[in-house]
Amino acid sequence: MKLYAVSDGPPSLAVRMALQALNIPYEHISVDYGKGEHMTEAYEKMNPQKEIPVLDDDGFFLSESNAILQYLCDKYAPTNALYPSEPKERAVVNHRLCFNQAFLYPQISAYVMAPIFFDYQRTEMGLKKLNIALDTFETYLQRGGTKYAAGNGLTIADFPLVTSVMCLEAIGFDVRTRCSTVYDWYAGFKQAHPELWSIAAKGMEEIAEFEKNPPDLSSMVHPIHPIRKQAAKK
């Protein structure tokens, strides 16, 4: 099994956490984002979306981190509590996965990641959208009253949510003051699962460094995002 992934991308980190939790051996093939390796024809054959990560399970290529998380559990650990089989419990897990992918992470990505890697600025509107998404997550956690995002036990839903919130910590965003329940869940995960958190922590360190010193992506040709112009060297 191979995982084509980056070292600091939340979706990549979430899948790596699941592989670790499930004790599934795999080869991590690093994708050089700065060189645009995900935009090549060879990569497109694995994933026409040209997004990261991609799982190669003996020639079966699967993209979309949520789908990868679900597949790993279904094939390699069908009775594992990380992806419960009881319909309502699984529905909550699936909901949290969708919530992160469609509602929370897009706002975190737009506010945190896009200005680091591309020519975007953080705006008041972006902050407003981010706070709405965080407040919604706070509401789900408060109403559920559970230790983890989708119940009282760890599930695959926690992995992408943790790696999303990790981005906020990387830039020093004060989650604790605004959303104390989110903060307690996040801190609780770190304390209860240090071996899994260590995967995300390394990614967070890279993002924090990029926040101070944005990477040079001037050689990348991206079909959507504007590339930041680098100052001429004297």
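Definitions and cut-offs
Residues numbered from 1 in each chain as written. Predicted model: local features only at pLDDT ≥ 70, side-chain atom pairs only at ≥ 80, totals over all residues. Heavy atoms only, no water. Domains from an automatic or database assignment. Contact = heavy atoms within 4.5 Å. Buried area = accessible area lost by both parts, 1.4 Å probe. Salt bridge = Lys/Arg side-chain N within 4 Å of Asp/Glu carboxyl O. Polar contact = N/O pair within 3.5 Å; in protein donor to acceptor, adjacent residues only side chain to side chain. Helix = DSSP H or I, 4+ residues; strand = E, 2+ residues; numbered from the N terminus. Pairing = 2+ DSSP bridges. Axes fitted to C-alpha atoms, helices over the stretch in contact; angles between N-to-C directions. Expected span 1.5 Å × (residues − 1). Buried < 20%, exposed > 50% of the residue type's maximum accessible area, 1.4 Å probe, protein only. Core = buried A, V, L, I, M, F, W, Y, C linked by side-chain atoms within 4.5 Å. Phe/Tyr/Trp six-rings, centres within 6.5 Å; stacked < 30°, edge-to-face > 60°. Lys NZ or Arg CZ within 6 Å of the ring centre and 35° of its normal.

Draft legend 1. Quick peek at the domain arrangement of the protein chain. In terms of domains, the protein chain is made up of domain 1 (2-77) and domain 2 (87-212). Here the C-alpha centre of domain 2 lies 20 Å away from the C-alpha centre of domain 1. Across the contact, 18 residues belong to domain 1 and 26 residues belong to domain 2. Here domain 1 packs against domain 2, burying approximately 1,800 Å² in sum over the two surfaces, 67% of which is carbon and sulfur. Between the two partners, domain 1 and domain 2, sit one salt bridge. The shortest N-O distance in the salt bridge between Asp 74 and Arg 90 comes to 3.6 Å. The interface formed by domain 1 and domain 2 holds six residue pairs in polar contact (both at pLDDT 80 or more) in total. In terms of residue count, helix α1 (residues 10-21) provides more of the side of domain 1 that touches domain 2 than any other element does, nine residues in total.

Draft legend 2. Representation of the sheet that holds strand β2 (residues 27-30). Across the sheet, which stays open at both edges, the four strands sit in the order β2-β1-β3-β4 with mixed pairing between neighbours. This sheet does not close on itself; its edge strands, each paired only once, are β2 and β4 (60-63). Shown here is a sheet whose adjacent strand axes are inclined to one another by a mean of 20 degrees, direction ignored. Bridge count for strand β1 (residues 2-5) against β2 is four bridges, and the pairing is parallel. Bridge assignment links Leu 3 to a residue of β2, and that residue is His 28. Each of β1 and β2 touches α1; the most contacted strand, β1, lies at about 155 degrees to it.

Draft legend 3. Highlighting the environment of Lys 147. Inspection of the secondary structure puts Lys 147 in the loop between α5 (124-144) and α6 (158-170). Ignoring any residue separated from it by four or fewer positions in sequence, one finds Lys 147 in contact with Asn 152 and Trp 185.

Draft legend 4. View of helix α3 (residues 65-76). Between its terminal C-alpha atoms α3 stretches 16 Å, which fits the 16 Å expected from twelve residues at 1.5 Å a residue. Within the span of α3, buried status applies to Ser 65, Asn 66, Ile 68, Leu 69, Tyr 71, Leu 72 and Cys 73. Among the structural elements, α1, β3 (54-57), β4, α4 (87-117) and α6 are those in contact with the buried residues of α3.

Draft legend 5. Up close: the nonpolar core. Core analysis: the biggest nonpolar cluster contains 68 residues, and Leu 72, Val 112, Phe 137, Ile 156, Phe 159, Trp 185 and Trp 197 have the highest contact counts within it. Among the elements of the structure, β1, α1, α3, α4, α5, α6, α8 (180-192) and α9 (194-212) are those that each provide at least two residues to this core. Top contributing element to this core by residue count: α4, with eleven residues. Looking at this core, you find at least three residues from each of domain 1 (2-77) and domain 2 (87-212). In contact with Leu 72, other than residues within four places in its own chain, are Met 1, Val 15, Leu 19, Leu 22, Ile 24, Leu 55 and Ala 77. The next biggest cluster of nonpolar side chains, apart from the first, holds seven residues, and it includes Tyr 4, Val 31, Tyr 43 and Met 46.

Draft legend 6. Examining the pattern of salt bridges more closely. Going through the model one piece at a time under the given rule, you end up with five salt bridges. The residue Arg 178 makes a salt bridge to Asp 135 at a minimum N-O spacing of 2.7 Å. Of this pair, Arg 178 sits in helix α7 (residues 175-178) while Asp 135 sits in helix α5, placing them 43 residues apart in sequence. By relative accessible area, which is 40% here, Arg 178 ends up partly exposed.

Draft legend 7. The packing of aromatic side chains, seen in detail. Taken as a whole, this structure holds ten aromatic pairs when the rule is applied. Summarising the aromatic geometry, the rings of Tyr 33 and Phe 118 are spaced 6.4 Å apart at their centres and angled 70 degrees between planes, so their arrangement reads as edge-to-face. Of the two residues, Tyr 33 is situated in the loop between β2 and α2 (41-46) and Phe 118 in the loop between α4 and α5; the sequence distance between them amounts to 85 residues. Accessibility expressed as a relative area gives 4% for Phe 118, which makes it buried. Relative to Tyr 186, the ring of Trp 185 has its centre 6.4 Å away and its plane inclined at 40 degrees; by these criteria the two rings are tilted. Here the two residues Trp 185 and Tyr 186 agree in accessibility, since each one is buried. Here Arg 90 stacks its cationic end above the ring of Tyr 83, 3.6 Å away from the centre of that ring.

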